[in-house]
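# Structure assessment
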Amino acid sequence: MTTQHPAMSAQRNAATPHPAAALGRNMIAIASGKGGVGKTWFSVTLAHALGRMGRKVLLFDGDLGLANVDIQLGLTASGDLYQALNGTASFNDIVTRHGSTGIDIVTGRSGVARLADADVRNLDILARGLGLIGDMYDDVVLDLGAGVDRSVRTLAGSAGRILVMTNVEPTSITDAYALIKLLHQQGQRTDMRIVVNSAEDRRDGERTYGKLKTACQNFLGFAPELAGIVRQDRYVSDAIRRQTPLLTRHPTSAAGEDVERIAEMLRKTR
């Protein structure tokens, strides 16, 4: 007789699962081949932007080794992924509501080997737990870890859409290409798009996207579309230092407007 993991034993919300949840269509994975491109900040801001449109949003911190969504938001979580993974809490129990934005958050825990080095079984538990709680939301934003390791590829595979982030630096473009290549080789056929962050202006962002697009076309035979360009903005670092969402502290900032534009595109193109 198979014993169900304790984290899976909690019953689902009695409400009917959201129709977009089928096959992960309501899940948006945010990934990057390289660290330091602004992925977590972007994930937080995108989730907030979708919530401001009246959508019910879950932000899932899938950076299993170096989770920091809660730090960027100054949030004290009621539970975290480690508790769900070791069976001391269900996935429903570890959802925390962020008061000022109204979005729900599942946080990770930094420096925990069982999360950072999660094996196939534990990654399966995480993916199924995400499905368990995620089917009650309009949108689930997955903030994945940087790089190309197994946890990134596994969790990305559960999403209906993937946004691969890069910036204008050659190393970032190269690493984004490596991630796209690996996802493509493992049979990932989901809607994959590119976000260029920290561009001086739209032309700078389009040049960066063009380099990545050309590499994908030449060596992979396909190229992800451009989801959007986020301009450099000094207010981003200010919001991070203040542990306050950008759209709360600087609602008319250039970067905030760019992320809102991407959120609107995602809403329209589901």
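Provided above is the structure to which this section pertains.
Values in this document were obtained by computation on a predicted structure and should not be read as measured data.

Rules behind the numbers
- Residues numbered from 1 in each chain as written.
- Predicted model: local features only at pLDDT ≥ 70, side-chain atom pairs only at ≥ 80, totals over all residues.
- Heavy atoms only, no water.
- Helix = DSSP H or I, 4+ residues; strand = E, 2+ residues; numbered from the N terminus.
- Buried < 20%, exposed > 50% of the residue type's maximum accessible area, 1.4 Å probe, protein only.
- Contact = heavy atoms within 4.5 Å.
- Pairing = 2+ DSSP bridges.
- Axes fitted to C-alpha atoms, helices over the stretch in contact; angles between N-to-C directions.
- Left-handed = near helix turned anticlockwise from the far one by under 90°.
- Nonpolar A, V, L, I, M, F, W, Y, C, P; charged D, E, K, R; others polar.
- 1 Å grid on protein atoms, 1.4 Å probe; cavity = no way out; pocket = protein on both sides within 12 Å on 5 of 7 lines; lining within 4 Å.
- Points joined across faces, edges and corners; volume = space filled by probe spheres on them.
- Salt bridge = Lys/Arg side-chain N within 4 Å of Asp/Glu carboxyl O.

### Comments concerning the side chain of Asp-104
Along the polypeptide, Asp-104 turns up in strand S4 (residues 104–106). Taking the relative accessible area as the measure of exposure, Asp-104 reaches 6% and is therefore buried. In contact with Asp-104, not counting residues within four places along its chain, are Val-57, Leu-58, Leu-59, Val-95, Thr-96, Arg-97 and Tyr-137.

### What to know about the pairing of strand S6 (residues 161–166)
Strand residues, when the strand is regular, have side chains that alternate between the two faces of the sheet. Within S6, 6 of the 6 residues are buried, which leaves it mostly tucked inside the rest of the structure. Side chains Arg-161, Leu-163 and Met-165 project from S6 onto one buried face, and the interleaved Ile-162, Val-164 and Thr-166 project onto a second face that is buried too. In terms of strand pairing, strand S1 (residues 27–32) meets S6 through 5 bridges, oriented parallel. Paired with Ile-28 across the bridge in S6 is Arg-161. Both S6 and strand S7 (residues 191–199) contribute to a ladder of 6 bridges, which runs parallel. Each residue of the ladder has a partner; that of Arg-161, found in S7, is Asp-191.

### Some details on the packing of helix H1 (residues 39–52) against helix H11 (residues 254–268)
Between H1 and H11, whose axes approach to 9 Å, the crossing angle comes to 65°. Like other packed secondary-structure pairs, H1 and H11 cross with a definite hand, here right-handed. Of H11, the residues touching H1 (which contributes Trp-41, Phe-42, Thr-45, Leu-46, Ala-49, Leu-50 and Arg-52) are Ala-255, Val-259, Glu-260, Ile-262, Ala-263 and Leu-266. Of the residues belonging to the contact of H1 with H11, the class tally is 10 nonpolar, 1 polar and 2 charged.

### Thoughts on the layout of surface pockets
Here the largest pocket defines a volume of roughly 190 Å³. Looking at the largest pocket, it is lined by 13 residues, and the ones nearest its centre are Gly-36, Gly-38, Lys-39, Thr-40 and Asn-68. In terms of residue class, the lining of the largest pocket is made up of 4 nonpolar, 7 polar and 2 charged.

### Here's the deal with the pattern of salt bridges
A full pass over the atoms with the stated rule returns 18 salt bridges. Of the charged contacts in the structure, one is a salt bridge between Glu-225 and Arg-193, with a shortest N-O distance of 3.5 Å. Of this pair, Glu-225 sits in strand S8 (residues 225–231) while Arg-193 sits in strand S7, placing them 32 residues apart in sequence. Residue class for Arg-193 comes out buried when judged on its relative accessible area of 12%. Residue Glu-264 pairs with Arg-267 through a salt bridge whose shortest N-O separation is 2.5 Å. In this pair, Glu-264 and Arg-267 are both assigned in helix H11, 3 residues apart and thus about one turn of the helix distant. Note on Glu-264: relative accessible area 23%, which makes it partly exposed. What emerges from the salt-bridge pattern is a single network uniting Arg-231, Glu-257, Asp-258 and Arg-261.

### What about unusual backbone geometry?
We note that Ser-198 has phi near 60°; this positive angle belongs to a residue other than glycine. The partly exposed category is assigned to Ser-198, whose relative accessible area is 30%. Even without being glycine, Gln-243 reaches a positive phi, approximately 55°. Taking the relative accessible area as the measure of exposure, Gln-243 reaches 36% and is therefore partly exposed.

### A short note on the sheet that holds S6
Read across the open sheet, the 8 strands follow the order S3-S4-S2-S5-S1-S6-S7-S8; overall the sheet is mixed. The strands lining the two open edges of the sheet, one partner per strand, are strand S3 (95–97) and S8. For this sheet the average axis-to-axis angle between neighbouring strands, irrespective of direction, equals 25°. Judged from the 5 bridges that link them, S7 and S8 form a sheet pairing that is parallel.

### Section: the environment of Asp-117
Residue placement: Asp-117 occurs in the loop between helix H4 (113–116) and helix H5 (120–134). Exposure remark for Asp-117: the relative accessible area of 62% places this residue in the exposed category. Through-space distance from the C-alpha of Asp-117 to that of Gly-65 is 7.7 Å; in sequence the pair is 52 residues apart.

That is the geometry; function is a separate question.
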